[in-house]
There are 2 protein chains.
Amino acid sequence: MEALEKKILMEGRVLTGNILKVDSFLNHQMDPLLMQAIGQEFARRFAGDSVTKILTLEASGIAPALFTGLALGVPVLFAKKTAAGNMDPLTYSADVYSYTRNRTYTIRVSRNYLSAADRILIIDDFLARGQAVLGMAELIGQAGASLAGAGIVIEKGFQDGGAIVRQKGIRVESLAIIKDMTNGQITFS
Amino acid sequence: MEALEKKILMEGRVLTGNILKVDSFLNHQMDPLLMQAIGQEFARRFAGDSVTKILTLEASGIAPALFTGLALGVPVLFAKKTAAGNMDPLTYSADVYSYTRNRTYTIRVSRNYLSAADRILIIDDFLARGQAVLGMAELIGQAGASLAGAGIVIEKGFQDGGAIVRQKGIRVESLAIIKDMTNGQITFS
């Protein structure tokens, strides 16, 4: 997606530890027009795939997921990373290891909002090691729902997450795939 | 806002401890069309107020904030509740006490994204005791930015937050104000 790649080249900053900082438009400050375009592009790629609901992970996945849900005309559910005091006691949950933060956290969704009748599209901001997508796929499996695929805003193509997720038979649609960002020079696949 | 009040009456559940559960459309599962209508309504109420940026709090504020930003044509910034490993070290921060969770957490935004030139509109999902809005107002004050006001999806009019915030001279626009929800019967102001 050209507008996204341009934005990454203009505003992305490469930090040590293979971190790509895109907090000016994606995961701290958000550019609503770009998020809308991203949602429309995911909807285009998964049109005709009978998606009934979007699943994402708080907080950075919410913006692209919301516009995808708007474009597809389906609700958007976000998995929570902390056990909120007033969350339903009956949840589907999975453990996700974060390489960025070097810790495992439990993601949860209420059982009220995932069912065997659902066909789910996962949306997330980044795909690097694949753990978040696999965790969300596990929630979907627990509910007996089917998985249409995963729409990713930025895939780090030089890490193994994309291969791991695709090897499990999950369709992955990434809007920008970074081939390399050694020495701060970003190139796309 | 009639569509919102109807949705609250149809899907909201009143739990003990003055908790109104609206997780079917606002803060777990989200209804993108309703969120869009809410964003357009906030934009209408603050049109002509020279807003340069929206500030909200992860995660439940993001949906209404994003559509407000889209409608006003300005970026949306969300304050973080946890210190992310890759966040800018230079932040504005404030402590916020949550009555729902009975603990204090620190909210933070990068100094890169709030400046003295900004005129900020706060958006949040709930106003109950006012602590989150006051915390965000403090971040705005630290940056030397000006505050256009606060747009609230649901105000609990029977709690003191609305009065506290308005007494500080902050303009508050709430789309639904709950007058009472004793015995699970919700009435609006």
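Residues numbered from 1 in each chain as written. Chains lettered and ligands numbered in written order. Predicted model: local features only at pLDDT ≥ 70, side-chain atom pairs only at ≥ 80, totals over all residues. Heavy atoms only, no water.

*Asks:* Give me the sheet that holds strand β8 (residues 119-127) of chain A: which residues, what numbers.
*Replies:* The pairing of strands in a sheet happens through backbone hydrogen bonds and is either parallel or antiparallel. Taken in spatial order, the 7 strands make up an open sheet running β11(A)-β10(A)-β9(A)-β8(A)-β4(A)-β5(A)-β3(B), and their pairing is mixed. Only two strands of the sheet have a single neighbouring strand rather than two, namely β11 (187-188) of chain A together with β3 (29-30) of chain B. In this sheet, strand β9 (residues 146-156) of chain A lies alongside β8 of chain A in parallel orientation, the contact comprising 8 bridges. Residue Ile-122 of chain A lies in a different strand from β9 of chain A, and its bridge partner there is Ala-150 of chain A. (Pairing = 2+ DSSP bridges. Helix = DSSP H or I, 4+ residues; strand = E, 2+ residues; numbered from the N terminus.)

*Asks:* I'd like a rundown of the interface of chain A and chain B, residues and numbers included.
*Replies:* In this complex, chain A contributes 40 residues to the contact, which on the side of chain B involves 40 residues. Roughly 3,400 Å² of surface becomes buried between chain A and chain B when both sides are summed, with 63% attributable to carbon and sulfur atoms. The interface formed by chain A and chain B holds 2 salt bridges in total. For Asp-88 of chain B, the salt bridge goes to Arg-13 of chain A, with nearest N and O atoms at 3.9 Å. (Contact = heavy atoms within 4.5 Å. Buried area = accessible area lost by both parts, 1.4 Å probe. Salt bridge = Lys/Arg side-chain N within 4 Å of Asp/Glu carboxyl O.)

*Asks:* Residues and numbers for the pairing of β9 of chain A, please.
*Replies:* All names here are of chain A. The buried fraction of β9 is high, at 9 of 11 residues. One ladder, built from 6 bridges, connects β9 with strand β10 (residues 172-180); its direction is parallel. Directly across from Ile-154, in β10, lies its bridge partner Ala-176. Of the crossover connections in this fold, the one passing from β9 over helix α5 (residues 161-167) to the parallel β10 is right-handed. (Buried < 20%, exposed > 50% of the residue type's maximum accessible area, 1.4 Å probe, protein only. Right-handed = clockwise from strand over helix to strand, strands pointing away.)

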